[in-house]
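Given next are the chains, with one letter for each unit.
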Amino acid sequence: MHYPPETASIMLIARMIATVKQAKDKGGAAHLFSQFCHKTRSKNGDISHKLLGKQFQVQVEHLRQLIIKGLQDEDLLQWFTADGFRSLIALVGTNGQGIGTSAFGVWVKNCDSLDLSPEEQDKLNIFIRSLYEQIEKVSVFCLHNS
């Protein structure tokens with residue numbers, strides 16, 4: 001299964017929180033993320049991620065409460081406020097790789113509709129997972145070297 005973009009955004013938020021929680025220098029790790037743009041609206045008033053739209057307010061609040069329940073950390077209290085959580089969504093929406101909506105994401109989705117034997121489908125799925133892992137490694141490398 002290949003996740004839709006919104007799921008990828010939610011998982012990135014959880015991974016960011018987990019990364020800071022596990023870091024030896026939590027303040028430094030949190031500061032690293034704060035260097036990226038995390039405004040919820042652009043200069044012309046557009047929202048930076050569709051999850052910040054009015055139609056998703058209830059779901060975003062529910063998600064925030066679930067993440068508080070599972071991942072809250074005293075060193076990251078600013079991320080668990082309503083505004084702080086929206087800022088995290090904006091950070092991912094503005095800076096995320098956009099794999100789920102990129103040409104690569106479209107290609108992966110189209111692969112799901114191919115008429116392949118189970119063996120060929122398994123090989124394709126292994127290849128796709130490998131590509132995602134390589135993209136993640138490049139993203140982490142760029143993040144640490146920017």
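Values in this document were obtained by computation on a predicted structure and should not be read as measured data.

So, about the overall build of the protein chain. Counting its secondary structure elements, the protein chain contains seven helices and zero strands. Each helix and strand of the protein chain, placed in order from N terminus to C terminus, yields the pattern α-α-α-α-α-α-α. For the protein chain, with 146 residues in total, the buried portion stands at 26%. Taking the contacts inside the protein chain whose residues are at least 6 apart along the sequence as the reference set, 66% of them involve residues at least 24 apart. In the form shown here, the protein chain has an accessible surface area of approximately 9900 Å², with 57% of it arising from carbon and sulfur atoms.

Moving on: the nonpolar core. Counting 21 residues, the largest nonpolar core has Ile-13, Ile-17, Trp-79 and Phe-85 as its most contacted members. Elements with a contribution of two residues or more to this core: helix 1 (5-22), helix 2 (26-34), helix 3 (57-71), helix 4 (77-80) and helix 5 (82-95). Here this core gets six residues from one element, more than from any other, and that element is helix 5.

Here we come to the environment of Arg-41. Structurally, Arg-41 is set in the loop between helix 2 and helix 3. A sequence separation of 53 residues divides Arg-41 from Thr-94, and the C-alpha atoms of the two residues are 9.8 Å apart.

What follows deals with helix 2. For helix 2, every residue scored as buried is listed here: Ala-29, Ala-30 and Phe-33. Buried residues of helix 2, seen end-on, are gathered within an arc of 95 degrees and therefore sit on one face of the element.

A few words on the confidence of the model for the protein chain. In this model, the protein chain carries an average pLDDT of 76, and 71% of its residues clear a pLDDT of 70 or more. The least confident element of the protein chain, judged by mean pLDDT, is helix 7 (residues 118-144) at 74; the most confident is helix 3 at 89.

Turning next to the pattern of salt bridges. For the structure shown, the criterion picks out three salt bridges. One salt bridge in this structure joins Asp-73 and Lys-26, with 3.3 Å as the shortest N-O distance. Of this pair, Asp-73 sits in the loop between helix 3 and helix 4 while Lys-26 sits in helix 2, and the two are 47 residues apart along the sequence. Residue classification places Lys-26 among the partly exposed positions, given a relative accessible area of 24%. For the salt bridge of Arg-64 with Glu-61, the shortest nitrogen-to-oxygen distance reads 2.9 Å. Note that Arg-64 and Glu-61 are positioned in helix 3 at a spacing of three residues, about one turn of the helix. Judged by its relative accessible area of 12%, Arg-64 falls in the buried class. Classification of Glu-61 as partly exposed rests on a relative accessible area of 32%. A cluster of three or more residues bridged by salt bridges with shared partners is formed by Lys-26, Asp-73 and Asp-75.

Calculation criteria
Residues numbered from 1 in each chain as written. Predicted model: local features only at pLDDT ≥ 70, side-chain atom pairs only at ≥ 80, totals over all residues. Heavy atoms only, no water. Helix = DSSP H or I, 4+ residues; strand = E, 2+ residues; numbered from the N terminus. Buried < 20%, exposed > 50% of the residue type's maximum accessible area, 1.4 Å probe, protein only. Contact = heavy atoms within 4.5 Å. Areas by Shrake-Rupley, 256 points an atom, 1.4 Å probe, with all protein chains shown as cover. Core = buried A, V, L, I, M, F, W, Y, C linked by side-chain atoms within 4.5 Å. Arc of directions from axis to C-beta. pLDDT = per-residue confidence, 0-100. Salt bridge = Lys/Arg side-chain N within 4 Å of Asp/Glu carboxyl O.

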